[in-house]
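# Observations on the model geometry
If you want the building blocks of each chain, they are given just below.
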Amino acid sequence: MNRYPLWKYLVIAVALLIGFLYSLPNIFGEAPAVQISSAKPTIKVDLATQSRIESILSEGSIKNTGLFFERTGNIGSIKIRFDNTDTQLKARDLINQKLNVDPKEPNFIVALNLLSNTPHWLGSINALPMPLGLDLRGGVYFLLQVDMQGAVQKKLTSLATDIRGQLRDKGLRHQGIERTGDVINIRFGSTAEADVARTALIGPQAELEWQVEKSADGAKLVGRFKSNIVTLNKRVNELAVKEPVIQQQGAERIVVQLPGVQDTARAKDIIGRTATLESRLADPVASSIGLNETPPPGTDVFRFGENRLGVFKKSVIFTGDRITDASAGFDQNQRPSVNISLDAAGGRVMQEITRENIGKPMGMILFEKGKGEVLTIATIQGEFGSKFQITGQPTTESANDLALLLRAGSLAAPMEIIEERTIGPSLGQENIEKGFKSLIYGFAAIALFMTAYYMLFGLFSVIALAVNIVLLISLLSMLQATLTLPGIAAMALAIGMAIDSNVLINERIREELRNGVAPHTAIAIGFDKAWATILDSNITTLIAGLALLAFGSGPVKGFAVVHCLGILTSMFSAVFFARGVVNFWYGRQKKLQAISIGQVWRPEGK
C-alpha cells in the first residue's frame with residue numbers, strides 16, 4: 001500500500017542531485033576584484049589588453065587568484081580576483097596609473113568589484129550563485145530621468161526640415177510649416193492640396209501619422225509622431241552601459257543598479273555616456289595626420305586611434321538620427337563590412353554627396369561629451385543612397401563593434417541622474433548575516449518543535465523542509481533571480497508555509513489512528529485526504545503572489561518571485577518527497593503495528 005514505484009524514487013533522486021549541485025555555488029562567497037572596461041567607443045578591451053595587464057601586475061609584484069577575459073555581446077571586459085581588499089586597492093591604483101596616462105581623458109575604466117569564488121567545474125555546468133541585490137551585496141543605485149520630450153522635439157525639428165525639402169522636390173506649394181508641441185502643421189489653400197501632400201508624405205514620412213483638417217483660411221495637414229516612449233527607451237538602452245540591472249520605471253524614468261561597484265564617480269561615467277554620430281567628408285589631401293602635425297586651415301580635427309588625428313570638412317552629411325539600422329556583414333570580396341540603412345531624407349542627401357565626391361574619403365565621427373572620436377574613414381567608390389556598406393574593418397569582430405556603435409549613436413536622449421545611493425559592502429554583509437541567522441534560528445526552532453511533537457514523522461517533516469530550502473535556492477540560482485532582503489523574508493515565509501503542509505498531513509494521520517484505522521491505511525488516507533486541502537491553500541496563496549509579481553515593482557517583485565517559487569517547491573517537498581521518505585521507512589513492514597507520530601489519544605471504546 002505505502003510503496004513508491006522505482007521511477008518516483010528516481011525523480012526524487014534527480015531532484016535532490018540537481019538541487020544540491022545548483023545550490024552549492026552559494027556557499028563559496030565572493031572575492032574582491034578589479035574590473036577593466038573601455039571608457040571610449042574607439043578603445044577596445046581584448047586579449048592584447050589582458051596580456052598588458054598581466055605584465056603590469058607582474059612588474060608590480062601583485063599576485064592574483066584569477067585573471068580572465070569576458071565578452072558580453074560586443075563589449076569586452078577583464079576581471080581580476082584577489083585574496084584581500086588591500087591587494088585589490090593596490091592593483092586598482094597601479095593598473096589605472098599604467099593604462100590611463102592622461103587622467104583627464106582615461107581610455108579605460110578601472111573599477112572595484114566583487115566576483116564569485118565558485119569552482120570552475122560548477123561554472124562549466126552553468127551552476128552559478130544567486131545574484132545579490134544592492135541591499136545585500138552593496139553597490140550603486142541611480143534613478144535617471146530621460147528627457148524623452150526633448151528627444152521627440154529634436155526629431156520633429158529634423159522631420160520638419162525634411163518635409164519642406166520633399167514638398168519642394170514634388171512641386172507642392174504650401175503656405176507654411178509650423179511645429180506646435182508634438183505636432184507638425186502644414187497649411188494649404190484647399191483641402192484638395194492637403195490631400196495630395198498627404199499622399200506624397202505617407203511613404204517617406206512613415207514615422208508621422210497624417211490627417212487633413214479644415215481651417216478658416218483653407219486646410220492644414222497635421223502630422224503626429226507615432227514613435228512612443230517605449231520605442232525610444234529601447235534605443236536608449238542600446239548605449240554602452242556596462243553590466244547594469246536596467247528597469248524601466250514609469251514612462252520617462254530608468255533605474256540602473258550596479259551591484260558590487262563602490263566607486264560612484266566611475267559608475268556615473270559608465271552610465272552617463274550618450275553618443276551622437278556624424279558623417280563628414282574627410283580632407284582629400286590629408287585625411288589623417290600625426291598628433292604633432294598642423295592640420296589644414298578651415299578643417300575640424302578629431303582623434304583617430306591613439307596616435308593620429310582625422311581631418312574633416314566642417315559640413316555634416318548626416319547625423320546619427322538618420323540611421324535606421326546597422327549590421328555587420330561581408331562585401332563582394334568576402335571582406336568584413338558594415339551595412340548601413342538611412343531614412344528617406346538621409347538617403348537623398350547621401351545620394352547627392354556621393355555623386356559629386358566619388359573617389360574622395362568620407363568618415364564617421366562619434367561624439368561623447370562634446371568630443372569626437374573617428375570610427376572609420378573610407379573612400380567613396382560610387383553613388384549610393386539610403387543603403388550602403390562601409391569596408392576597411394580588419395576583422396568581423398571590429399565590424400560588429402562598429403555596427404553596435406552606429407546603432408548606439410542613432411539617438412541621443414538626454415538623461416539626468418535625479419537620485420543616487422551608494423551602499424557599502426560592510427552594510428550588505430551585515431544584512432546577509434542577519435537575514436540568514438533569522439532563517440537558521442527559525443528552522444532550528446521548527447525542527448525542535450516538530451521532532452518533539454510528532455517524533456519520527458516530525459523528523460521526516462524536518463528533512464522535507466530542508467529539501468524545500470535547497471530546491472528553492474537552486475531554482476533561484478538557475479533562474480539567476482536577484483536575492484534581496486525582501487527575498488529573504490519570502491524564504492522565511494516559505495519555510496512556515498511548507499511546514500504547515502506537513503502539520504496538516506501528520507494531524508490527518510493521527511485522526512485516522514484515533515478512529516482505529518490500521519497504521520498503513522492511516523498513512524495512505526492521511527496523505528491522500530490532506531492533499532486537497534494543501535492544494536487549495538497553496539493555489540490561493542500562489543494567486544496572491546502572482547498578483548504581486550504582475551503589478552508590483554522593485555522590492556515587492558523580488559519578494560513575489562521567491563514567494564511563488566517557494567510555494568511550488570513546498571508542494572513537492574511536503575507531499576511528494578515526504579511521502580517517499582515515509583514509504584521508504586515503513587513501506588517494507590507488511591504487518592505494521594504502530595508508527596512514531598507522537599501521542600495519539602483515542603476516544604473511549606475504540
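Residues numbered from 1 in each chain as written. Predicted model: local features only at pLDDT ≥ 70, side-chain atom pairs only at ≥ 80, totals over all residues. Heavy atoms only, no water.

Let us look at the overall build of the protein chain. For the protein chain, the helix and strand inventory stands at 15 helices and 21 strands. Looking at the protein chain as a whole, 47% of its 606 residues are labelled buried. Relative to all contacts within the protein chain whose residues are 6 or more apart in sequence, the contacts with residues 24 or more apart total 72%. Put simply, the protein chain shows about 29,500 Å² of open surface, and 57% of that area lies on carbon and sulfur atoms. (Helix = DSSP H or I, 4+ residues; strand = E, 2+ residues; numbered from the N terminus. Buried < 20%, exposed > 50% of the residue type's maximum accessible area, 1.4 Å probe, protein only. Contact = heavy atoms within 4.5 Å. Areas by Shrake-Rupley, 256 points an atom, 1.4 Å probe, with all protein chains shown as cover.)

Okay, the sheet that holds strand β16 (residues 323-330) next. Read across the open sheet, the 3 strands follow the order β16-β17-β20; overall the sheet is antiparallel. Every other strand in the sheet has two partners, leaving β16 and β20 (387-391) as the edge strands with one partner each. Shown here is a sheet whose adjacent strand axes are inclined to one another by a mean of 25°, direction ignored. Sheet topology places strand β17 (residues 336-342) next to β20; 5 bridges connect them, and they run antiparallel. Of the residues in β20, the one forming a bridge with Ser 337 is Thr 391. (Pairing = 2+ DSSP bridges. Axes fitted to C-alpha atoms, helices over the stretch in contact; angles between N-to-C directions.)

The subject of this paragraph is the pattern of salt bridges. Evaluation of the coordinates by the stated rule reveals 12 salt bridges. It is possible to trace a salt-bridge network through shared partners that takes in Glu 278, Arg 280, Asp 300 and Lys 314. (Salt bridge = Lys/Arg side-chain N within 4 Å of Asp/Glu carboxyl O.)

Two packed helices can be described by the angle between their axes and the distance between those axes. Look at helix α13 (residues 485-514) against helix α14 (residues 519-551): their axes get within 8 Å of each other, and the N-to-C directions meet at 145°. Of the two possible hands of crossing, α13 and α14 adopt the one that is right-handed. Along the contact surface, α13 presents Met 497, Ser 501, Leu 504, Ile 505, Arg 508, Ile 509, Glu 512 and Leu 513, while α14 presents Pro 519, Ala 522, Ile 523, Ile 525, Gly 526, Phe 527, Lys 529, Ala 530, Thr 533, Ile 534, Asn 538 and Thr 541. Across the contact of α13 with α14, the residue classes break down as 12 nonpolar, 5 polar and 3 charged. (Left-handed = near helix turned anticlockwise from the far one by under 90°. Nonpolar A, V, L, I, M, F, W, Y, C, P; charged D, E, K, R; others polar.)

Throughout the structure, instances matching the rule amount to 12 aromatic pairs. Taking the centre distance of 5.8 Å and the plane angle of 15° together, the rings of Phe 457 and Tyr 586 count as stacked. A residue pair is termed long-range when its members are at least 10 positions apart, and Phe 457 in helix α12 (residues 425-479) and Tyr 586 in helix α15 (residues 555-586) qualify at 129 residues. Accessibility classification places Phe 457 together with Tyr 586 in one group, the buried group. Taking the centre distance of 5.4 Å and the plane angle of 35° together, the rings of Phe 572 and Phe 576 count as tilted. Placement of both Phe 572 and Phe 576 in helix α15 is noted, with a separation of 4 residues, approximately one turn of the helix. (Phe/Tyr/Trp six-rings, centres within 6.5 Å; stacked < 30°, edge-to-face > 60°.)

As for its placement among the helices and strands, Ser 341 is situated in strand β17. A distance of 3.2 Å separates a polar atom in the side chain of Ser 341 from a polar atom in the side chain of Lys 387. Once residues lying within four places of it in the same chain are set aside, the contact partners of Ser 341 are Arg 322, Ile 323, Thr 324, Asp 325, Ser 386 and Lys 387. (Polar contact = N/O pair within 3.5 Å; in protein donor to acceptor, adjacent residues only side chain to side chain.)

On the surface, a nonpolar cluster with roughly 230 Å² of combined accessible area is contributed by Val 14, Ile 18 and Met 478. With respect to the secondary-structure elements, Ile 18 resides in helix α1 (residues 6-23). Taking the relative accessible area as the measure of exposure, Ile 18 reaches 36% and is therefore partly exposed. (Patch = residues over 30% accessible without salt bridge, like charges linked within 9 Å, V, L, I, M, F, W, Y side chains within 5 Å.)

Secondary-structure assignment places Arg 579 in helix α15. Side-chain polar atoms of Arg 579 contact the side chain of Asp 528, separated by 2.9 Å. The residues touching Arg 579, leaving out its near neighbours within four places in the chain, are Asn 2, Tyr 4, Ala 524, Phe 527 and Asp 528.

Our focus in this paragraph is the nonpolar core. Within the largest apolar cluster, 50 residues are counted, with the highest numbers of intra-cluster contacts made by Phe 457, Ile 509, Tyr 586 and Ile 595. Going through the elements one at a time, α12, α13, α14 and α15 are the ones with two or more residues in this core. Element by element, the count of residues in this core is highest for α12, at 16 residues. Not counting chain neighbours up to four residues away, the residues in contact with Ile 509 comprise Phe 457, Ala 522, Ile 523, Gly 526, Phe 527, Ile 595 and Ile 597. (Core = buried A, V, L, I, M, F, W, Y, C linked by side-chain atoms within 4.5 Å.)

Bringing the environment of Phe 460 into the picture now. Positionally, Phe 460 belongs in helix α12. Look at Phe 460 and you get buried, because its relative accessible area is 5%. With 120 residues separating them along the chain, Phe 460 and Gly 580 place their C-alpha atoms 9.8 Å apart. Sequence-distant contacts of Phe 460, defined by excluding residues within four places in its chain, comprise Val 581, Val 582, Trp 585 and Tyr 586.

Here we come to the confidence of the model for the protein chain. Taken as a whole, the protein chain shows an average pLDDT of 80; of its residues, 84% reach a score of 70 or greater. Considering each helix and strand of the protein chain separately, the mean pLDDT is smallest for helix α8 (residues 229-236), with a value of 40, and largest for α1, with 93. Overall, residues 228-243 carries pLDDT values under 50, and its contacts beyond four positions in sequence, including any with other chains, amount to 46 contacts. (pLDDT = per-residue confidence, 0-100.)

Remark: α13 packs on α15, axes separated minimally by 8 Å, with the N-to-C direction vectors making an angle of 25°. Comparing the axis directions of α13 and α15 gives the class roughly parallel. Here α13 runs over α15; the crossing is right-handed. Between α13 and α15, the contacting residues are Pro 486, Gly 487, Ala 489, Ala 490, Met 491, Leu 493, Ala 494, Met 497, Ala 498, Ser 501, Asn 502 and Ile 505 on the first element and Pro 555, Gly 558, Phe 559, Val 562, His 563, Gly 566, Ile 567, Ser 570, Ala 574, Val 575 and Ala 578 on the second. Of the residues in the contact of α13 with α15, the class split is 16 nonpolar, 7 polar and no charged. (Parallel < 35°, antiparallel > 145°, perpendicular 65-115°, else oblique.)

A separate point is helix α3 (residues 85-99). A rise of 1.5 Å per residue sets the reference length of α3, with its 15 residues, at 21 Å; its end C-alpha atoms lie 21 Å apart and thus fit the reference within 8%. The complete set of buried residues in α3 reads Gln 88, Ala 91, Arg 92, Leu 94, Ile 95 and Leu 99. (Expected span 1.5 Å × (residues − 1).)

Relative to the assigned elements, Thr 87 resides in helix α3. For the pair formed by Thr 87 and Ala 33, sequence separation is 54 residues and the distance between their alpha carbons is 9.2 Å. In this view, Thr 87 contacts Ile 62, Lys 63 and Phe 82; residues no more than four positions away in its chain are not counted. Within the local environment of Thr 87, its side chain forms a polar contact with the side chain of Asn 84, the two groups lying 2.8 Å apart.

One non-glycine residue, Ser 61, lies in the positive phi region at around 55°. Considering the arrangement of structural elements, one finds Ser 61 in the loop between α2 (47-59) and β2 (66-72). Assessed through its relative accessible area of 62%, Ser 61 is described here as exposed. Even without glycine at this site, Met 455 takes up a positive phi of about 55°. For Met 455, the location among the structural elements is in helix α12. Taking the relative accessible area as the measure of exposure, Met 455 reaches 41% and is therefore partly exposed.

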